[in-house]
Amino acid sequence: MKIAVFSAKPYDRQFIEKANEEHQHELTFFETRLSAATVALADGFQAVCVFVNDQLDSAVIKSLSESGITMIALRCAGYNNVDLKAAQAHGILVARVPAYSPYAVAEHTVALMLTLNRQIHRANNRVREGNFALDGLLGFDIHGLTVGIIGTGKIGIEVAKIMHGFGCPLLGFDVSPNVEAEEIGLKYVKLEEIYSQADIITLHCPLTPQTHHLINLQAIKTMKTGAMLINTSRGALIDTTAVIDGLKSGKIGYLGLDVYEEEGDLFFEDLSNLVLQDDVFARLLTFPNVVITGHQAFFTRNALEKIAHTTLANITEFEKSGKCSNQITA
Ligand code: NAD
């Protein structure tokens, strides 16, 4: 098929081209994101291949349909950036990569926990400056602390297993509980109990209308003072201004983010020569107890290989049969 690949960084291109040796699709790579401003680039293609911050709202999908696009191939698991109803209405099939490496995201989640606790980010800077003082770097044993996991699917369960290995009691909340999690001792409780009992809260549910701003002023109010909050799922699970208030009051003791609700204008680009325009994000950067990475939890060699392979297999399956086993519907 003729495929327009959007948001294609050199590393994406490398892995997709390698996987395409087996499939022989006709690929054109665009570094730019897909949006209303760039949708004209999809003219003359049969499919678009997109990532987390491409904007596939109803207007973009209508334009894609008018350009003859019959498939949207997501290179990710989450699909909150796609208007599935609009795609269905225009007869465009949407497929995703449901699982590539839950380990990549789970391990990054735990890396954020450890960095925040032992202040590795600050310690590294100090040592490089010849400052070997320990004042201000005091951490705590994670062993024995209660970890609350919201969303115990493919990634949440891997986080549960790692934290079980640390010797942490586990609490979980999910709309459909996972037996495997219960087998390692995770106890399913109401959300309110997670907030009131967990020392570390980590988010692994999808972004949906139900989970939008799940962590808001009310939720933060009921958390343990000094709790650690980690979000490697989707930015808008958290109301960032409420979390900033929580950090200022000390209610939130540590914040680790790999995602941010307005990340579309920031992440995946080198903006180091520009003035940061997002004042909320700028405020987050001022806290010593906040660590932010730019949506890199997925970014391992293993994950990129699997993403490229599954994405192209999805497209080949659709080309051959008109169907795709990884199709998502509204
Ligand atoms: P998954 O579908 O396997 O698991 C998600 C879990 O959330 C499911 O068990 C589901 O029942 C649960 N859930 C759904 N609605 C819920 C709700 N309202 N409250 C509580 N739980 C709810 O997905 P996954 O592969 O584990 O991925 C989880 C999320 O991680 C994805 O949605 C995606 O947004 C994010 N993600 C981030 C990165 C990254 O690089 N930072 C990479 C991959 C995935």
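Per chain, residue numbering runs from 1 following the sequence as it is written. At least 70 in pLDDT is required for a residue's local features to be given in this predicted model, at least 80 for side-chain atom pairs to be given and counted, and no such filter applies to totals for whole chains, interfaces and linings, which use all residues. For the side-chain quantities, the full set of heavy atoms in the structure was used; hydrogens and water were omitted.

1. Quick word on the sheet that holds strand β4 (residues 71-74)
Threshold: Pairing between two strands is assigned when DSSP locates at least 2 bridges connecting them. To qualify as a helix, a DSSP run of H or I must reach at least 4 residues; to qualify as a strand, a run of E must reach at least 2; elements of each kind are numbered from the N terminus. The axes used here are C-alpha line fits, helices contributing only the stretch in contact, and every angle between their N-to-C directions lies in the interval 0 to 180 degrees. Note on definitions: a residue-residue contact is assigned when non-hydrogen atoms from the two residues lie within 4.5 Å.
In spatial order, the strands read β2-β1-β3-β4-β5; together these five strands make up an open sheet with parallel pairing. Of all strands in the sheet, those bounded by a partner on one side alone are β2 (26-29) and β5 (93-95). In this sheet, adjacent strand axes meet at a mean angle of 20° when their direction is disregarded. Pairing analysis gives four bridges linking strand β3 (residues 47-50) to β4, with the strands arranged parallel. Residue pairing across strands places alanine 47 opposite methionine 71, the latter belonging to β4. Helix α1 (residues 10-20) rests against β1 (2-5) and β2 of the sheet, and its axis sits at about 175° to β2.

2. Here's the deal with the pairing of strand β10 (residues 227-231)
For clarity, the cut-off: Think of it in three bands: residues with accessible area under 20% of the maximum for their type are buried, residues over 50% are exposed, and the middle band is partly exposed, with areas taken using a 1.4 Å probe on protein chains only.
Most of β10 sits inside the fold, with five of its five residues counted as buried. Across the two faces of β10 the burial is the same, with Ala227, Leu229 and Asn231 and Met228 and Ile230 all buried. As judged from the four bridges shared by strand β9 (residues 200-203) and β10, these two strands associate in the parallel manner. The residue of β10 that forms the bridge with isoleucine 201 is leucine 229. Two strands pair when backbone bridges link them, and β10 and strand β11 (residues 252-257) are joined in this way by five bridges, in the parallel orientation.

3. Points about helix α10 (residues 240-249)
Among the residues making up α10, those that are buried are Thr240, Ala242, Val243, Ile244, Gly246 and Leu247. Buried residues in α10 make contact with α9 (217-221), β10, β11, α11 (279-284) and β12 (290-292). Immediately beyond the C-terminal end of α10, within one or two residues, lies glycine 250, with a positive phi of roughly 90°.

4. Overview of the layout of surface pockets
Short version of the rule: Both cavities and pockets are sets of points on a 1 Å grid over the protein atoms alone; in a cavity a 1.4 Å probe fits but cannot get out, in a pocket the set is open with protein on both sides within 12 Å along at least five of seven lines, and lining residues sit with an atom within 4 Å of a point. Grid points are joined across faces, edges and corners, and a volume is the space filled by probe spheres set on the points. In this count, Pro and Cys sit with the nonpolar residues alongside Ala, Val, Leu, Ile, Met, Phe, Trp and Tyr, while Asp, Glu, Lys and Arg are called charged and the others, Gly among them, polar. The start and end points of each domain follow an automatic or database-based domain assignment.
Looking at the largest pocket, its volume works out to about 1,100 Å³. Considering the residues around the largest pocket, the lining is formed by 43 residues, among which His204, Cys205, Pro206, Leu207 and Ser233 are closest to the centre. Elements supplying a minimum of two residues to the lining of the largest pocket: α4 (102-118) and α6 (154-165). In terms of residue class, the lining of the largest pocket is built from 23 nonpolar, 15 polar and five charged. Taken domain by domain, the lining of the largest pocket gets at least three of its residues from each of domain 1 (2-100 + 300-328) and domain 2 (102-292).

5. Focus: the pattern of salt bridges
Inclusion rule: Salt bridge, as applied in this entry: a Lys or Arg side-chain nitrogen positioned within 4 Å of an Asp or Glu carboxyl oxygen.
Scanning the model with the defined rule gives 10 salt bridges in all. Arginine 75 is the salt-bridge partner of aspartate 12, the closest N and O atoms lying 3.9 Å from each other. One end of the pair, aspartate 12, is in helix α1; the other, arginine 75, is in the loop between β4 and α3 (84-89), with 63 residues separating them in the sequence. An identical accessibility class is assigned to aspartate 12 and arginine 75; each is buried. For the salt bridge of glutamate 17 with arginine 13, the shortest nitrogen-to-oxygen distance reads 3.3 Å. One end of the pair is glutamate 17 and the other is arginine 13, both in helix α1 and four residues apart, which spans about a single turn. A residue is classified by how much of its surface remains accessible, and arginine 13, at 40% relative accessible area, is partly exposed. Residues participating in the shared-partner salt-bridge network are Lys9, Glu31 and Glu269.

6. Section: the site of the ligand
Our working definition: Residue proximity to a molecule or strand is established when one non-hydrogen atom of the residue lies within 4 Å of it. Here a polar contact is recorded for every N or O atom pair within 3.5 Å, except that within protein the pair must consist of a potential hydrogen donor and a potential acceptor, and residues adjacent in sequence are included only if both atoms are side-chain atoms. Under the convention used here, a 1.4 Å probe and the Shrake-Rupley method define accessible areas, while residue burial counts only the protein chains that appear. More than half of a molecule's atoms within 2 Å of the grid points is what it takes for that molecule to sit in a cavity or pocket.
As a matter of local geometry, the ligand sits amid 22 residues, with Tyr100, Lys154, Ile155, Asp174 and Thr232 nearest to it. In this structure, an oxygen atom belonging to the ligand sits 3.4 Å away from a main-chain N or O atom of glycine 153. At a separation of 2.9 Å, a nitrogen atom of the ligand approaches a polar backbone atom of threonine 232. Out of a free accessible area of 860 Å², the ligand has 86% covered by protein chains. Here the ligand occupies the largest pocket. Classifying every residue of the shell around the ligand gives nine nonpolar, nine polar and four charged.

7. What about the domain arrangement of the chain?
In plain terms, the rule: Two parts placed together each lose some accessible area; with a 1.4 Å probe, that loss summed over both constitutes the buried area.
Per the domain assignment, the segments of the chain are domain 1 (2-100 + 300-328) and domain 2 (102-292). Taking the mean C-alpha position of each, domain 1 and domain 2 sit 30 Å from one another. Counting residues at the interface gives 13 residues for domain 1 and 10 residues for domain 2. Approximately 980 Å² of surface area, both sides summed, lies buried where domain 1 meets domain 2, with 52% of it carried by carbon and sulfur atoms. Of all residues in domain 1, the largest losses of buried area upon contact with domain 2 belong to Lys9, Asn53 and Asn80, amounting jointly to 41% of the total for that side. Here domain 1 is connected to domain 2 by two salt bridges. Across the domain 1-domain 2 interface, the total number found is five residue pairs in polar contact (both at pLDDT 80 or more). Of the residues contributing to the side of domain 1 that touches domain 2, the split by class is seven nonpolar, four polar and two charged.

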